[in-house]
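In case you want the letters, here they are:
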Amino acid sequence: MDFEIALRDKIRNEIMDSLNSIYCNFQEGNRISSQTMKLMQYFRDIIDRYHFIKYEGQKTEKEILQITDEFENLLTDENLSKMYERANFTEQELLYIKYVKLTHECRNYKNFNIGEKYAIIDILLRKIILKAFEQQDIEQIVKIMEEQLTQEDTKMQPTCNHFLELLSDKPYGEHLSQDFEQEIEKLVDRYFNDRINCGGYALKIDRCIFPLGRKKSFSQSVSTILDNYPFVQLLGDRKLADDEYLVIYRANKENTGHHFIRVDDDGVVREKDGNRAPKIFEGWSENLENCQEAIFAVKKEHQMFNYDELEQKKEGLNFNDTVVQTIENKSNNFFYHGHEFSLKKSSNEEVYVTSNGSIVANILTDGEEHLVEIAEGKEKYVENFSGSITPIIENGHLVNRSQFISQKNFDNDERQ
């Protein structure tokens, strides 16, 4: 499964599900709501002008204005509510509703408070106009608006543009489908970049991963990753398997800066910096140069989604605390950073830790407190952050990736 494609598809489905939930409540009774007035803007003036032209010499000014009042009475929330309850929206109308809900933009207005209600009112306005006026009337109204656009009075232009489009054969935009898809993709990109940081991107899970904090060690940060994500192991000196890929992790001593980078099968090293878009790795930042580094082998097939949105559930231990925990649990064996260890006691009651047939640490204890001293030359084996091969990254490629597959040292000049 391609993680990035799958996550984008998941985010897209979440967005579409939210857009499919349409809510519109008309609460103003026999009054015209502020939303309707905003969308109507100066359209009342357009209707008045049309009626004055049509009934010139036939009706008084008061009678003409009364005709427009009767039209406006159709725009009350009570009437719009009844229309909405009976409405059977077309596919294009539903797309327009979703588009407005998605963009928070309707005609000439853009605000976070603008949602599907604006689009629904717009659709109902069009239905009211088409029902209230004959075709020849609408043609004359359109002509008045087109003439108005040639005038110097610019305050009417947004209204004219609005209703000229609303009364056209493309009432909700000439390129509504394309515009909708573009907005969806922009939002998918934004949510994708916000949802995962460098760790989520590298380990291919839909959440951010952070180090433990300033009071924790690099060992504990590594242990936390291993304990919470069982599909991640330290590579050490073993070979990279066909069903694994490499992830390299660094953090500074204060744990105030960290970064994960991912090595794909093509040898390209990819990264994601915070909520920015993924890119080819360009090099470690200044605060991570010459810092401790751990090399992980990550299973290609693993759980990628539905992780707890909060912090990691387990807080990893360093080697000392792991040994103490083993003693307190009255156990003799434990695993730490990919190696198995055993507690042993000598004939003179000295306690030590062994692994792979060698003593790796001594334990000093007064029976209540324990101090673990790693044997000289054994710290690298105990922590197992990396093996004997150093990653060589040039121009965004791990040029010695084949070494990690074969675990054979060869000259750095050899390239994959």
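Structural notes, computed from the coordinates. (Residues numbered from 1 in each chain as written. Predicted model: local features only at pLDDT ≥ 70, side-chain atom pairs only at ≥ 80, totals over all residues. Heavy atoms only, no water.)

So, the overall build of the protein chain
Phase 1 of the analysis: If you tally the helices and strands in the protein chain, you get 15 helices and 15 strands.
Phase 2 of the analysis: For 416 residues, the compact-globule formula gives about 22 Å, and the C-alpha radius of gyration of the protein chain, at 34 Å, lies well above that figure.
Phase 3 of the analysis: Considered along the principal axes of its C-alpha atoms, the protein chain spans approximately 120 × 55 × 35 Å.
Phase 4 of the analysis: Looking at the 416 residues of the protein chain, the share that counts as buried comes to 47%.
Phase 5 of the analysis: For the protein chain, the share of sequence-separated contacts (at least 6 apart) that also reach a separation of at least 24 residues comes to 66%.
Phase 6 of the analysis: Accessible surface, the protein chain: about 23000 Å² in total, of which carbon and sulfur atoms supply 44%.
Phase 7 of the analysis: The distance from the centre of the 52 positive side-chain charges to the centre of the 75 negative ones in the protein chain is 2 Å. (Helix = DSSP H or I, 4+ residues; strand = E, 2+ residues; numbered from the N terminus. Rg over C-alpha atoms; globule rule 2.2 N^0.38 Å. Buried < 20%, exposed > 50% of the residue type's maximum accessible area, 1.4 Å probe, protein only. Contact = heavy atoms within 4.5 Å. Areas by Shrake-Rupley, 256 points an atom, 1.4 Å probe, with all protein chains shown as cover. Lys, Arg positive; Asp, Glu negative; His and termini not counted. Charge placed at Lys NZ, Arg CZ, Asp CG, Glu CD.)

A few points about the layout of surface pockets
Phase 1 of the analysis: In this structure, the largest pocket occupies an estimated 460 Å³ of space.
Phase 2 of the analysis: Lining the largest pocket are 24 residues; nearest its centre among them are Y336, H337, G338, H339 and N384.
Phase 3 of the analysis: The set of elements that each furnish at least two residues to the lining of the largest pocket consists of α12 (218-228), β3 (232-234), α13 (319-328), β9 (333-336) and α14 (379-383). (1 Å grid on protein atoms, 1.4 Å probe; cavity = no way out; pocket = protein on both sides within 12 Å on 5 of 7 lines; lining within 4 Å. Points joined across faces, edges and corners; volume = space filled by probe spheres on them.)

A word on the sheet that holds β3
Phase 1 of the analysis: With respect to topology, 6 strands assemble into an open sheet ordered β3-β8-β4-β5-β6-β7, the strand pairing being antiparallel. Of all strands in the sheet, those with a lone pairing partner are β3 and β7 (279-280), marking the two edges.
Phase 2 of the analysis: In the sheet, strand β4 (residues 244-251) pairs with strand β8 (residues 292-299) via 8 bridges, with the strands oriented antiparallel. Looking at the pairing, A251 lines up with Q292 of β8.
Phase 3 of the analysis: Seen against the sheet, α12 touches β3, β4, β5 (258-263) and β8 and runs at an angle of roughly 5° to β8. (Pairing = 2+ DSSP bridges. Axes fitted to C-alpha atoms, helices over the stretch in contact; angles between N-to-C directions.)

Some details on the nonpolar core
Note that soluble globular proteins tend to have their nonpolar side chains buried in a common cluster.
Phase 1 of the analysis: Core analysis: the largest hydrophobic core is formed by 61 residues, its most contacted members being F43, F71 and M145.
Phase 2 of the analysis: Element by element, the count of residues in this core is highest for helix α7 (residues 116-132), at 9 residues.
Phase 3 of the analysis: Discounting residues that sit within four places of it in the chain, F71 has contacts with M40, F43, I47, I128, I129, A132 and F133.
Phase 4 of the analysis: Listed in part, the 23 residues of the second largest apolar core include F218, L234, A294 and Y307. (Core = buried A, V, L, I, M, F, W, Y, C linked by side-chain atoms within 4.5 Å.)

Things to note about the pattern of salt bridges
Phase 1 of the analysis: Tallied over the entire structure, the rule returns 31 salt bridges.
Phase 2 of the analysis: With a closest N to O distance of 2.5 Å, D189 and R8 form a salt bridge. With D189 in helix α10 (residues 176-195) and R8 in helix α1 (residues 3-20), this pair connects stretches of sequence that are 181 residues apart.
Phase 3 of the analysis: D189 gets classed as partly exposed once you look at its relative accessible area, which sits at 34%. (Salt bridge = Lys/Arg side-chain N within 4 Å of Asp/Glu carboxyl O.)

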